[in-house]
Amino acid sequence: MGGYNWVKFQCGIFIPLLLFLFCSSSELVDITTVDVVAAKNLIFSANHRYLDVRTKEEFKKGHVDVENALNIPYMFNTPEGRVKNPQFLEQVLAACSKDDHLLVGCQSGVRSLYATTDLLKAEFKHVYNMGGGYLAWVENGLAVKKPNAEL
C-alpha cells in the first residue's frame, strides 16, 4: 500500500474509532423534532407547553401566539457575541416540572435543538424540538403575537 493510501486507510479506521470512544453513550440523547404544523397540534390538542428560548428582545418583537408561552432565553447577546444562559436549566425547572410536556422553539431551530438536548440530559421526560422555529411558524401562516405597533 502506498504512503498516501496507507494514511487514508488509517484515517478511515481510526477517526471513526476515536469518535466512538470519545462520544460516550451517556452523552447521547434521542431528540424528537416536529414541524410547525405538528407543533401547533401538540400545543392546542395535546397539552404541551411552548418554551421559547430566544432572547427577551426577540420574543417581544413577536412570538408564537399560544396561551402560557414561556420565554426563557437559552443564550444572551453580549458585546462579545452570544453566550449560553448559565441559569437556563434552573429557570426552566422553576417554571416547569421534569414531567411536563414541553415544545421548545427559537428563531430558526438551532438554539432550540441545543436547549432540547440540555433538557433531555437533565432528565426532563417529554421535550420536543420545533424544527424551523419561529421563522417557519410565520412562513406557514400560523398565529403570532406582535406588539400593537406592528399589527
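Residues numbered from 1 in each chain as written. Predicted model: local features only at pLDDT ≥ 70, side-chain atom pairs only at ≥ 80, totals over all residues. Heavy atoms only, no water.

*Asks:* Tell me about the overall build of the protein, and name the residues and values.
*Replies:* Helix and strand counts for the protein stand at six helices and nine strands. Burial status across the protein gives 35% buried among its 151 residues. Relative to all contacts within the protein whose residues are 6 or more apart in sequence, the contacts with residues 24 or more apart total 62%. Accessible surface computed for the protein: about 9,400 Å², of which carbon and sulfur atoms make up 58%. (Helix = DSSP H or I, 4+ residues; strand = E, 2+ residues; numbered from the N terminus. Buried < 20%, exposed > 50% of the residue type's maximum accessible area, 1.4 Å probe, protein only. Contact = heavy atoms within 4.5 Å. Areas by Shrake-Rupley, 256 points an atom, 1.4 Å probe, with all protein chains shown as cover.)

*Asks:* Quick one: what's the story with helix H2 (residues 36-45), residue by residue and with numbers?
*Replies:* Residues of H2 that are buried include every one of Val 36, Ala 39, Leu 42 and Ile 43, and no others. Here the buried residues of H2 occupy an arc of 115° about the axis, which is enough to place them on one side. Away from its buried face, by an angle of more than 90 degrees, H2 presents the exposed residues Phe 44 and Ser 45. Against strand E1 (32-34), strand E2 (49-52), strand E7 (101-105), strand E8 (126-130) and helix H6 (133-139) lie the buried residues of H2. Of the residues that open H2, the one with a side-chain oxygen 3.1 Å from the backbone nitrogen of Val 37 is Asp 35. With its phi angle positive at about 60°, Asn 47 sits one or two positions after the end of H2. (Arc of directions from axis to C-beta. Polar contact = N/O pair within 3.5 Å; in protein donor to acceptor, adjacent residues only side chain to side chain.)

*Asks:* Residues and numbers for the sheet that holds E2, please.
*Replies:* With respect to topology, five strands assemble into an open sheet ordered E1-E8-E7-E2-E4, the strand pairing being parallel. Both edges of this open sheet fall to E1 and strand E4 (70-71), since each of them pairs with a single strand only. When E2 meets E4, the two strands line up parallel, connected through two bridges. Among the inter-strand pairings, Leu 51 is bridged to a residue of E4, identified as Leu 70. Lying on the sheet, H2 is in contact with E1, E2, E7 and E8; it crosses E1 at an angle near 100°. (Pairing = 2+ DSSP bridges. Axes fitted to C-alpha atoms, helices over the stretch in contact; angles between N-to-C directions.)

*Asks:* So, the confidence of the model for the protein: which residues are in play, and what are the values?
*Replies:* Mean pLDDT over the protein stands at 85; residues scoring 70 or higher make up 80%. A low-confidence stretch, residues 4-26 (pLDDT under 50), is modelled with four contacts involving residues beyond four sequence positions or located in other chains. (pLDDT = per-residue confidence, 0-100.)

*Asks:* I'd love a proper account of the environment of Ala 143, names of residues and values included.
*Replies:* Mapped onto the secondary structure, Ala 143 falls in the loop between H6 and strand E9 (144-145). Overall, Ala 143 belongs to the partly exposed group, its relative accessible area being 44%. Ala 143 sits 78 residues away from Asp 65 along the chain, and the two C-alpha atoms are 5.4 Å apart.

*Asks:* I'd like a description of the packing of aromatic side chains, backed by residues and values.
*Replies:* For any pair of aromatic rings, the description consists of the separation of the ring centres together with the inter-plane angle of the planes. Overall, the coordinates contain one aromatic pair when judged by the stated rule. Between Tyr 74 and Phe 88, the aromatic rings sit 5.1 Å apart at their centres with planes inclined by 85°, giving edge-to-face as the arrangement. A residue pair is termed long-range when its members are at least 10 positions apart, and Tyr 74 in the loop between E4 and strand E5 (75-78) and Phe 88 in helix H4 (residues 88-95) qualify at 14 residues. Each member of the pair Tyr 74 and Phe 88 is classed as buried. Across from the ring centre of Tyr 134, 4.5 Å away, lies the NZ or CZ of Arg 54, which sits over that ring. (Phe/Tyr/Trp six-rings, centres within 6.5 Å; stacked < 30°, edge-to-face > 60°. Lys NZ or Arg CZ within 6 Å of the ring centre and 35° of its normal.)

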